[in-house]
Amino acid sequence: MVFVLNKNKQPLSPCHSAVARKLLKTGKVVIHKKYPFTIRLKELKESERKLKDSESKAEFRLKIDYGSRYTGLAILNGPTVVWLAQIHHKTNIKSNIDSRRAMRRTRRNRNTRYRKPKFNNRGRKEGWLPPSLQSRVDNIKNWVIKLQRLCSLTHISYENVKFDTQLMQNPEISGIEYQQGELQGYEIREYLLEKWDRKCAYCGAENISLEIEHIIPKSRGGTSRISNLTLACHACNQVKGDMTAEEFGYPDIQKQAKKPLKDAALVTATRWKVYNVLSETGLNIECGTGARTKMNRILLNLPKNHHFDAVCVGTSTPNDIIFRTNSVLHIKAKGRGSHCRTNLNKYGFPRGYLARQKSFFGFQTGDIVKAIVPKGKHQGTWIGAVACRKTGYFDIKNKEGVKAAQGINHKYCKMLSRVDGYEYASEHVGVDGIPLMTEVTSILPY
Ligand SMILES: [Zn+2]
């Protein structure tokens, strides 16, 4: 699906890409944005204005599956999936800052006598997050704002906790499973997987199916409280039989099970920070748990993927899903270049200087350009990200990030899209069990 804007750049309902292609041929619309692909109507017609009024009732729900490395995004209109994307967060921030600090330290200390550390009176602002986490929050904020401009969003679904501890505290699994439905089981399973590191507690086997195991067996009076449960592979479970974990030779497991799982503090902090950022948009926010997402994904029979996870977030997930899109936009956060103007070698010594300005002849490093070179070694057409030089002779990188052409004169280059701190790639899905466009996957009611 393609996002549509009217003449005044206000969002209309997204249309099918085939419709967009036809409209583009007629010349009634222009390409507003390449990523995500958006068209804009040239004329403000009466019919479109009416269309807009009727569409104002349409509900577009943005669903977000926040993860530490990837965040899945999905826009749904009722049961219809309109748009899918994945944000790839920056992962090198911590190591970059660490290496910068190490080089600065050695540089300063090289010719300086020892000095006592200063009194630490420099406070951090409230709500401070480490830069690596802050960047994830900012990425999501940025994209919610961007999408609000392209599509009239009304609701947001967001997964703010992994599992609902309230749902889990109740002791008897079997009883509750019958009483309150399936969700309980999922919450408990997710909790145990997290607590026991997705491994068999006895032999440490990974990537196999694990069974919920009673540390003190039920036959010996053990309860089904979460503090008496662990995960074991089938073999260990069988061998252990009606022994307790201590008798089985693992006294530590009993101790570990007694301790409740401490949520990784940072993850929770970021999740709540993201929630606060989302609530600033003024849209209706629905919160879901990770366990529910997983349950929905299994019931909808969708493969494990960040964008499909996003589709499954929250109670609002419909029982039938209709895919009106068969591509996923991969959005890779790259930043907008570095503050440092000196290139360093691996020892931290300068090996070259970068220009003070960012823009050369109207181009900036990272812009997507099309260059038609009429003659010479690089004769032909080149499309890709440009690396600007002050000489006016640019390098062009292709899709794979390989230098395709070197020393292309700026006058042959034509701007396709300006750098915005993200790199884009579109992935086509619709093979190997992944739903194709308009295919309906049904699930049982729950
Ligand atoms: Zn085992």
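Before any of the text, the structure's been laid out above.
The paragraphs below set out a description of the structure included in this document. This one's a predicted model, so the numbers in the text were calculated from it and none came from an experiment.

Let's talk about the coordination of the zinc ion
Protein-derived coordination of the zinc ion comes from Cys200 (SG), Cys203 (SG), Cys233 (SG) and Cys236 (SG), at a distance range of 2.2 to 2.3 Å. Seen from the zinc ion, its 4 donor atoms lie at angles of 102 to 116°, and the figure they make is tetrahedral. Judged by its relative accessible area of 46%, Cys203 falls in the partly exposed class. Residue class for Cys236 comes out buried when judged on its relative accessible area of 12%.

Considering the packing of aromatic side chains
Under the counting rule described, the total for this entry stands at 10 aromatic pairs. Ring centres 5.6 Å apart and planes at 75° place the aromatic pair Trp143 and Tyr422 in the edge-to-face group. Note that Trp143 is positioned in helix α4 (residues 131–150) and Tyr422 in strand β22 (residues 422–428), a separation of 279 residues in sequence. The exposure class of Trp143 is buried, given its relative accessible area of 1%. Taking the relative accessible area as the measure of exposure, Tyr422 reaches 12% and is therefore buried. Ring geometry for Tyr202 versus Phe248: centroids 5.2 Å apart, planes at 80°, classification edge-to-face. In this pair, Tyr202 sits in the loop between α7 (183–195) and β8 (210–214) while Phe248 sits in the loop between α8 (234–240) and α9 (251–258), placing the two residues 46 residues apart along the sequence.

What to know about the environment of Glu246
With respect to the element layout, Glu246 can be found in the loop between α8 and α9. Put simply, Glu246 and Ile216 are 30 residues apart on the chain and 8.8 Å apart in space, counted from C-alpha to C-alpha. Residue contacts for Glu246: discarding those within four places in its chain leaves Pro251 and Gln254.

Structural notes on the sheet that holds strand β3 (residues 38–41)
Judged by pairing direction, the sheet is mixed, and its 3 strands sit side by side in the order β1-β3-β2 without closing on themselves. Where the open sheet ends on each side, the last strands, each with one partner, are β1 (3–5) and β2 (29–33). When strand polarity is set aside, the average angle formed by the axes of neighbouring strands in this sheet is 35°. Summarising the sheet, β2 and β3 pair through 4 bridges and their orientation is antiparallel. Bridging from a neighbouring strand, Lys33 pairs with Thr38 of β3. Relative to the sheet, α4 contacts β1, β2 and β3, its axis offset from that of β1 by approximately 60°.

The rules we used
Residues numbered from 1 in each chain as written. Predicted model: local features only at pLDDT ≥ 70, side-chain atom pairs only at ≥ 80, totals over all residues. Heavy atoms only, no water. Donors = N, O, S within 2.8 Å, 3.2 Å for Na, K, Ca; no water. Tetrahedral: all angles 85-135°; square planar, octahedral: opposite > 155°, others 65-115°. Buried < 20%, exposed > 50% of the residue type's maximum accessible area, 1.4 Å probe, protein only. Phe/Tyr/Trp six-rings, centres within 6.5 Å; stacked < 30°, edge-to-face > 60°. Helix = DSSP H or I, 4+ residues; strand = E, 2+ residues; numbered from the N terminus. Contact = heavy atoms within 4.5 Å. Pairing = 2+ DSSP bridges. Axes fitted to C-alpha atoms, helices over the stretch in contact; angles between N-to-C directions.

This is a description of form; function is not addressed.
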